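What follows is each chain in one-letter form.
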Amino acid sequence: MSTNNNSNHKYIMEAQDLDIFYGSFKAVTGVNMKVERNRITAIIGPSGCGKSTLLRAFNRMNELYAGTSIKGQVMFDGEDIYAPQVDPVEVRYRIGMVFQKPNPFPKTIYENIAWTARIHGYKGKMDELVENSLRQAALWEEVKDKLHQSGLSLSGGQQQRLCIARAISIKPEVILMDEPASALDPIATLKIEELMQELKKQYTIVIVTHNMQQAARVSDYTAMMMLADRQARSGTVIEFDDTKIIFTKPKDKRTEDYVTGRFG
Amino acid sequence: MKEKVVVEGFENNLGTRNRKGVLWYALFQASTIVGIIALVALMLNIINGAFGYVAYEAKVDPDTLSINGVAVQDQSKEQLVALLQSKLSSGAFNKLNSDKPFESRTREEVYQVVIDRIIRPQIVGVWNLWPSLTQATEIRATVVKDHPKAELDFVSWLTSGFVKRPQTSEPLTAGVRTALFGSLWTILFTILLAFPIGVGAAIYLEEYASDNWLNRIIQTNINNLAGVPSIIYGILGLAIFVRSLEPLTSGEIFGLVDPTTANGRTVLSGGLTLGLLVLPLIIINAQEAIRAVPRSLRNASFGVGATKWQTVWSHVLPNAIPGILTGTILAVSRAIGETAPLIVVGASTAISFDPSSPFSKFTTLPMQIYQWTSRPQDEFRSLAAAAILVLLMLLLSLNAIAVVLRNRFSRRF
């Protein structure tokens, strides 16, 4: 992949006719969607329609699950991340991920970030990097006196912000978030949502969420996923538009039913 | 509480359900009690053999060795040496002198030689702990009647001297030092072979190997190998290490001339054979420890762009190491107690010198115990009981080390 960060494509990522398979089972069918730079793109839809599967395909995390494969393209900065010459490790370096369950390393708060930076050859001032990352993740004030305590000693919401700090410490271009607030209480959720608004000034965010209010509150664009075909149990994006349009005057009847709470 | 109104189609069976629970509870408790009884019986049996009365008679009455009224135990070193010179044949005396010159021996050592070679106490009766405690007067009466010259002592067969002395054919002076060193040397090579290979294979199978038919066959075979009888590993060790690799295991290719004619039946062969024996156990235990590392941790590492190796080295292994160590120590404990493969490999049963290199002849604690229990005289059974206590202490201290190591590594976070 080119390391040109100043590319002028308006869309940093784009899925083109993307099919995702678990073995011979086609979990996601025919996805076409674009991810705009410095915007938050939400993926919503009922359980089991392939939201997380689609998100994992955006940084090749899906390959860590045995038997997965894809058809079609996922373009990043104009290049297919599944092209044979592309190293998946570099893809995950440049397209970071925050998971549903907070998963800090069982190391100190400081080491969570320092280890991540070190493996990517960071040679600068580590203390500064740790502080800046924690500040950007709105966690610094809460942990500055206990940097050398275990990351696991924090509360769930703090752990999740530590994971975000860890993800942004290596300056990814896109951050994928897989239901980042679903395991948190409303206050911690609010903090994460405020944080996302801050982060989108520098990063592009794609978020999967179960929570339609959350999608409506934080995102600029929304992709509505649903099982395309009830027999095949294969999910697809049925509508992709401005979040405002999706939640006020969706074109698809199924989207309207879903966002107004009539089913799903 | 008022009784619940019976809903049609349901019956109130709470009493039956509770009675069933109590029955199962009693069964589980009984199983535990049976296990504990077996363990206590085992320990009592060993302790019973390791202590008790011993009656022994001197071949030569020490009183006849007094010089001018000075008893033999109070004589000076020079007097004792002179005594040896006069009582032993000149050949035997010279041999003792060339083993270790008398000038460099302490008085205590010379006195020990006097006891071994001139006074020569012979055991005429041995009693276990239980009869020694309950029938002391009868025992005393029997000894006075049958062996008027014999001395009766209450002894612990397990003494610090027992651990420090080399093996001899005299029960009163026999020790387990030779066997203890043999066991430690053997285990060293067992660990050196089995730990790195076992952990390496476990990492490969868990983290790298894809799920195809070849790897499934390998996995099944490892699981089966863990159940192969140990004597079969002995035959394998005999064929590979003792016979085929003799130049290596006898130290020949390192230019060593073997004065003990071990012919490959060395510490190294024994250790490597036991290493093969425990290798499948270590692989399986390490695999389980690696598998227990949660997926979320691997995801976290891969999610920040770590490579497979960085993930394994920095996250999977540190989290799996307590489990890997516990599994390894358990496997090594099994190896320490093994006798059958070492018999086949050709461990010595009667040697009195400590192993000094990987290419020495050796015996081990279980071999020593086996050899002593197969002797007809009672006193050797007491020696075996004492040696079993030494073996148990060795195992317990190894397990203690495992616990300490595990706690230390677990505190990393």
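In case you missed it, the structure is sitting above this.
A short tour of the structure in this document, coming up.

What counts, and at which threshold
- Residue numbering note: each chain is counted from 1, following its sequence as written.
- For naming, the first written chain is A and the first written ligand is 1, with later ones following in the order written.
- Per-residue local features of the predicted model are confined to residues with pLDDT of at least 70, and side-chain atom pairs are confined, for both listing and counting, to 80 or more; whole-chain, interface and lining totals are unaffected and use all residues.
- Under the scheme used here, helices are H or I runs from DSSP no shorter than 4 residues and strands are E runs no shorter than 2 residues, and both carry numbers assigned from the N terminus.
- Note on method: radius of gyration uses C-alpha positions; expected globular size equals 2.2 Å times residues raised to 0.38.
- Any residue surrounded by 20 or more other C-beta atoms within 10 Å of its C-beta is treated as buried, while 12 or fewer makes it exposed and the intermediate range makes it partly exposed; C-beta atoms here are placed from the backbone.
- Here contacts are defined at the residue level, using C-beta atoms placed from the backbone and a cut-off of 7 Å between them.
- In this classification, Asp, Glu, Lys and Arg are treated as charged, Ala, Val, Leu, Ile, Met, Phe, Trp, Tyr, Cys and Pro as nonpolar, and every other residue, Gly included, as polar.
- Paired strands are those between which DSSP finds at least two bridges.
- Whenever a helix is involved, its axis is fitted only over the stretch in contact; in every case the axis is a line through C-alpha atoms, and angles between N-to-C directions fall within 0 to 180 degrees.
- Seen with its strands pointing away from the viewer, a crossover is right-handed when the path leading from the first strand over the helix to the second is clockwise.
- The labels follow the angle: roughly parallel below 35 degrees, roughly antiparallel above 145, roughly perpendicular from 65 to 115, and oblique for the rest.
- With the far helix as reference, a near helix turned anticlockwise by less than a right angle produces a left-handed crossing, and one turned clockwise produces a right-handed crossing.

## Looking at the overall build of chain A
Regarding its fold elements, chain A presents ten helices and ten strands. Taken over the C-alpha trace, chain A has a radius of gyration of 18 Å; the compact-globule value for 264 residues is 18 Å, and the two agree within 12%. By principal-axis analysis of the C-alpha atoms, chain A measures approximately 55 × 45 × 35 Å. Residues classed as buried in chain A amount to 46% of the 264 residues present. In chain A, once contacts between residues fewer than 6 apart in sequence are set aside, the share between residues at least 24 apart is 69%.

## A closer look at the interface of chain B and chain A
Taken together, the contact between chain B and chain A spans 16 residues of the former and 23 residues of the latter. Elements with a minimum of two residues in the side of chain B that touches chain A: helix H13 (295-303) and helix H14 (308-336) of chain B. The biggest single contributor to the side of chain B that touches chain A is H13 of chain B, with six residues. Residue composition of the side of chain B that touches chain A, by class: six nonpolar, nine polar and one charged.

## Digging into the environment of leucine 195 of chain A
Residues and elements named next belong to chain A. If you trace the backbone, leucine 195 turns up in helix H7 (residues 186-199). Residue leucine 195 is classed as buried on the basis of its C-beta count, with 20 C-beta atoms lying within 10 Å. Along the primary structure leucine 195 and serine 24 are separated by 171 residues, whereas in three dimensions their C-alpha atoms are 39 Å apart. Beyond its immediate chain neighbours, meaning those up to four positions away, leucine 195 contacts Ala137, Ala138, Arg161 and Ile164.

## A look at the sheet that holds strand S2 (residues 121-126) of chain B
Residue and element names in this part refer to chain B. Taken together, three strands build an open sheet; the order of strands is S2-S1-S3 and the sheet is antiparallel. Every other strand in the sheet has two partners, leaving S2 and strand S3 (151-156) as the edge strands with one partner each. Strand-to-strand twist across the sheet, computed as the mean angle between neighbouring axes with direction ignored, equals 40°. In the sheet, strand S1 (residues 51-58) pairs with S2 via five bridges, with the strands oriented antiparallel. Directly across from valine 54, in S2, lies its bridge partner valine 126.

## Let's talk about the environment of glycine 182 of chain B
Residues and elements named next belong to chain B. Along the chain, glycine 182 turns up in helix H8 (residues 177-208). Here glycine 182 falls in the buried class, since 28 other C-beta atoms lie within 10 Å of it. Along the primary structure glycine 182 and serine 356 are separated by 174 residues, whereas in three dimensions their C-alpha atoms are 9.2 Å apart. Those residues in contact with glycine 182 that sit more than four places away from it in its chain are Pro355, Phe362, Thr363 and Thr364.

## Comments concerning the pairing of strand S8 (residues 204-208) of chain A
Residues and elements named next belong to chain A. With respect to burial, S8 is a largely interior element, five of its five residues being buried. Two elements, strand S3 (residues 40-44) and S8, share four bridges in a ladder whose sense is parallel. By the bridge assignment for S8, isoleucine 40 is matched with isoleucine 205. Inspection of the sheet shows strand S7 (residues 174-178) paired to S8 by five bridges, in the parallel sense. Bridge assignment links valine 174 to a residue of S8, and that residue is threonine 204. Between the parallel pair S7 and S8, the chain is carried across by H7, and the sense of this crossover is right-handed.

## Comments concerning the packing of helix H6 (residues 156-169) of chain A against H7 of chain A
Residues and elements named next belong to chain A. Between H6 and H7, the least distance of the axes is 9 Å, while the angle of their chain directions is 20°. It follows from the interaxial angle that H6 and H7 lie roughly parallel. In this structure, the crossing between H6 and H7 has a hand that is right-handed. On H7, the residues touching Gly156, Gly157, Gln160, Arg161 and Ile164 of H6 are Ala188, Lys191, Ile192 and Leu195. For the contact of H6 with H7, the class distribution of residues is four nonpolar, three polar and two charged.

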